[in-house]
Amino acid sequence: MARKMVYHVLLAFLLLTIISVVSVRYEPNWDSLDSRPLPAWYDAAKIGIFIHWGVFSVPSVESEWFWWDWEGAKTKTVVDFMKANYPPDFTYADFAKNFKAEFFNASEWADIFQASGAQYIVLTSKHHEGFTNWPSRYSFNWNSQDVGPARDLVGELAAAIRNNTDMFFGLYHSLFEWFHPLYLQDKANKWQTQKFVESKTMPELYEIVNRYKPDVIWSDGDWEAPDTYWNSTNFIAWLYNDSPVKDSVVTNDRWGQGIMCKHGGFLTCSDRYNPGKLQKRKWENAMTIDKQSWGYRRNTKLSEFLTTDELVGTLVETVSCGGNMLVNVGPTSDGKIIPVFEERLRELGQWLKVNSEAIYGSHPWTYQNDTVTPNVWYTKTKISSTTAVYAIVLDWPTNGKLQLGAPKMDSSGVVYLLGYRQQVKFSPGGQGGITIMLPEFADGTMPCKHAWVFRMLGVKN
Ligand SMILES: *[C@@H]1O[C@H](CO)[C@@H](O)[C@H](O)[C@H]1NC(C)=O
Ligand SMILES: *[C@@H]1O[C@H](CO)[C@@H](O)[C@H](O)[C@H]1NC(C)=O
Ligand SMILES: *[C@@H]1O[C@H](CO)[C@@H](O)[C@H](O)[C@H]1NC(C)=O
């Protein structure tokens, strides 16, 4: 009898738990939306690929001129460049017919992205120019099916990523469009009308979520108008409560004036945000391999690309401080990822093959960087019940010794160099800290070419 009662009580308790889990519903306000736990895949993933591709890939010079200053032509250089290179009656829309994507092979892109070690991608479904890279019902004659490629670019890449890789698929979406008449009208009305939001932005967002089921919604183009104008919290509440991706989707923080760096799923704060210290909330460093531009530039120079060393360094610094790195490439209008981008991505992947255990699924440690040796960054992971602390050394010391001020370890500890079979000798230092005796390598035999990782077991702090 008593046993039966216990059983009933347990059952009731279980049911209540299930009901309370199932019935968590988020309200369309930031307190409620910010309380949603970030789906775990996102923090574990650490690396994503950002892809800026659109009509702006056709002029493919200083991309930001073209997105921001076309009609107003506020920048003298834009005016000069256009006068010199295009007929006087040429408009931005005229670029679209030259957006042909004739060499675009989504499987090829998927292979390159997978080889980089990235765990998710974020493609521009629509940038500030308003051109949709999918056949939107809400972007008449200004989408990749009706003009230019005559293909569903978003759909092709989504299929290749899902069929050929184990990466998550995400979409960037610009809330505003610089030249849209309804947007300009709402702006003139000081955001008291929402014609543009009602007929364009919101329908499009629902359309891409329902059609392509993205795991990331990377919002942008928000900053001129308040979140109430954009109806952001209503959209996100639907995304979290009722959308087909409610359990997996993550979203960023660009949802209205003053919202960035405060609210949303993860914080992006500014372009190329890399604070160098631990942050309270999950954040992302959205950065570019071409240091000057998000879109492809025909006039780029080799010196304007990050080296693989710099790319790995940025990843390490970002991950140590709790961030994810979203690495941008700008494909050409004909659909190619040029070899410089491809090489950087593949070399990043080679580095990760040796050193992934210090990156994927890792957490920030007590210290983010070392207290005595510059350019040493830390992460940690749990391997069953023991904690491994990783010291990631961006510069290999030339004197045969690596002095670390942060980790406290006695002689019961163990140190390994990832990619190197034997244990590495170390001695506990006088004022805490340790000194690692570096193994010697003949030319070309180091475990990797950039940033060496020491796994330390038995760290006491
Ligand atoms: C696209 O790329 C894949 C992978 O590289 C290749 O197998 C396939 O043949 C390519 N398709 C076309 C149409 O070129
Ligand atoms: C804002 O979202 C709510 C809830 O989905 C909807 O009822 C309303 O029509 C939306 N307003 C605009 C301007 O889109
Ligand atoms: C650790 O990083 C912080 C922030 O970037 C920096 O100010 C500090 O100098 C670094 N420490 C060393 C020893 O380089």
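Below: a short report on this structure. Bear in mind that the values here come from a model prediction, so they are computed numbers and not experimental data.

### A short note on the state of the cysteines
A covalent bond bridging the sulfur atoms of two cysteines is what the word disulfide describes.
Point 1. Evaluation of the coordinates by the stated rule reveals one disulfide.
Point 2. With its sulfur 2.0 Å from that of its partner, Cys 261 forms a disulfide with Cys 269. One disulfide, between Cys 261 and Cys 269, carries an S-S torsion of 85° and so falls in the right-handed class.
Point 3. By relative accessible area, Cys 261 is classed as partly exposed at 35%.
Point 4. Looking at Cys 321, it has no disulfide partner, and the nearest cysteine sulfur is the one in Cys 269, 13 Å off.

### Section: the site of ligand 2
Point 1. The local shell around ligand 2 consists of Gln 194, Glu 198, Tyr 206, Asn 231 and Asn 234.
Point 2. Between ligand 2 and Asn 231 there is a distance of 2.4 Å, counted from an oxygen atom to a side-chain nitrogen or oxygen.
Point 3. Isolated, ligand 2 exposes 360 Å² of accessible area, and the fraction of that covered by the protein chains is 53%.
Point 4. Among the residues forming the shell around ligand 2, the class breakdown is one nonpolar, three polar and one charged.

### Details of the pairing of strand β10 (residues 401–404)
Point 1. In β10, alternate side chains face the same way, and those of Leu 402 and Leu 404 are buried while those of Lys 401 and Gln 403 on the opposite face are not.
Point 2. Strand direction decides the pairing type here: β10 and strand β13 (residues 434–437), joined by four bridges, are antiparallel. Bridge pairing in β13 places Gln 403 opposite Thr 435.

### Comments concerning the nonpolar core
Point 1. By size, the foremost hydrophobic cluster in this structure holds 123 residues, and its most contacted members are Ile 51, Phe 113, Leu 157, Trp 351, Ile 436, Phe 454 and Met 456.
Point 2. Apart from residues lying up to four places away in sequence, Leu 157 is in contact with Ile 51, Phe 104, Ala 106, Trp 109, Ile 121, Leu 123 and Phe 169.
Point 3. Counting residues in hydrophobic clusters, the runner-up holds 14 residues, among them Tyr 120, Val 122, Val 250 and Ala 286.

### Some thoughts on the packing of helix α9 (residues 195–212) against helix α11 (residues 232–241)
Point 1. Running from amino to carboxyl end, α9 crosses α11 at an angle of 15°, the nearest separation of the two axes being 11 Å. Here α9 lies roughly parallel to α11, going by the angle between them. Every pair of crossing elements has a handedness; the one defined by α9 and α11 is right-handed. In this structure, α9 contributes Met 202, Leu 205, Tyr 206, Val 209 and Asn 210 to the contact, and α11 contributes Asn 234, Phe 235, Trp 238 and Leu 239.
Point 2. A class-by-class count of the residues in the contact of α9 with α11 yields seven nonpolar, two polar and no charged.

### Quick notes on the sheet that holds strand β3 (residues 168–174)
Through backbone hydrogen bonds, the strands of a sheet pair up, either in parallel or in antiparallel fashion.
Point 1. The seven strands lie next to each other as β5-β4-β3-β2-β1-β7-β6, forming an open sheet whose pairing is parallel. The sheet terminates laterally at β5 (250–251) and β6 (283–288), the two strands that pair on one side only.
Point 2. The pairing of strand β2 (residues 120–126) with β3 spans six bridges and is classified as parallel. Bridge pairing in β3 links Tyr 120 to Phe 168.
Point 3. With respect to the sheet, α9 is in contact with β2, β3 and β4 (216–220), its orientation differing from that of β3 by roughly 170°.

### What to know about the site of ligand 3
Point 1. Gly 276, Asn 369, Asp 370, Thr 371 and Pro 374 make up every residue found near ligand 3.
Point 2. Within the complex, 48% of the 360 Å² of free accessible area of ligand 3 lies under protein.
Point 3. Counted by class, the shell around ligand 3 contains one nonpolar, three polar and one charged residues.

### Focus: the side chain of Asp 370
Point 1. Checked against the element boundaries, Asp 370 lands in the loop between α13 (339–355) and β8 (376–383).
Point 2. No salt bridge is formed by the buried Asp 370; the nearest opposite charge belongs to Lys 408, separated by 10 Å.
Point 3. Polar contacts involving the side chain of Asp 370 include one to the main-chain amide nitrogen of Gly 405, which spans 3.0 Å.
Point 4. When sequence neighbours within four positions are dropped, the list of residues in contact with Asp 370 reads Val 376, Tyr 378, Gln 403, Leu 404, Gly 405, Ala 406 and Pro 407.

Calculation criteria
Residues numbered from 1 in each chain as written. Chains lettered and ligands numbered in written order. Predicted model: local features only at pLDDT ≥ 70, side-chain atom pairs only at ≥ 80, totals over all residues. Heavy atoms only, no water. Disulfide = S-S within 2.5 Å. Buried < 20%, exposed > 50% of the residue type's maximum accessible area, 1.4 Å probe, protein only. Near = heavy atom within 4 Å. Polar contact = N/O pair within 3.5 Å; in protein donor to acceptor, adjacent residues only side chain to side chain. Areas by Shrake-Rupley, 256 points an atom, 1.4 Å probe, with all protein chains shown as cover. Nonpolar A, V, L, I, M, F, W, Y, C, P; charged D, E, K, R; others polar. Helix = DSSP H or I, 4+ residues; strand = E, 2+ residues; numbered from the N terminus. Pairing = 2+ DSSP bridges. Core = buried A, V, L, I, M, F, W, Y, C linked by side-chain atoms within 4.5 Å. Contact = heavy atoms within 4.5 Å. Axes fitted to C-alpha atoms, helices over the stretch in contact; angles between N-to-C directions. Parallel < 35°, antiparallel > 145°, perpendicular 65-115°, else oblique. Left-handed = near helix turned anticlockwise from the far one by under 90°. Lys, Arg positive; Asp, Glu negative; His and termini not counted. Salt bridge = Lys/Arg side-chain N within 4 Å of Asp/Glu carboxyl O.

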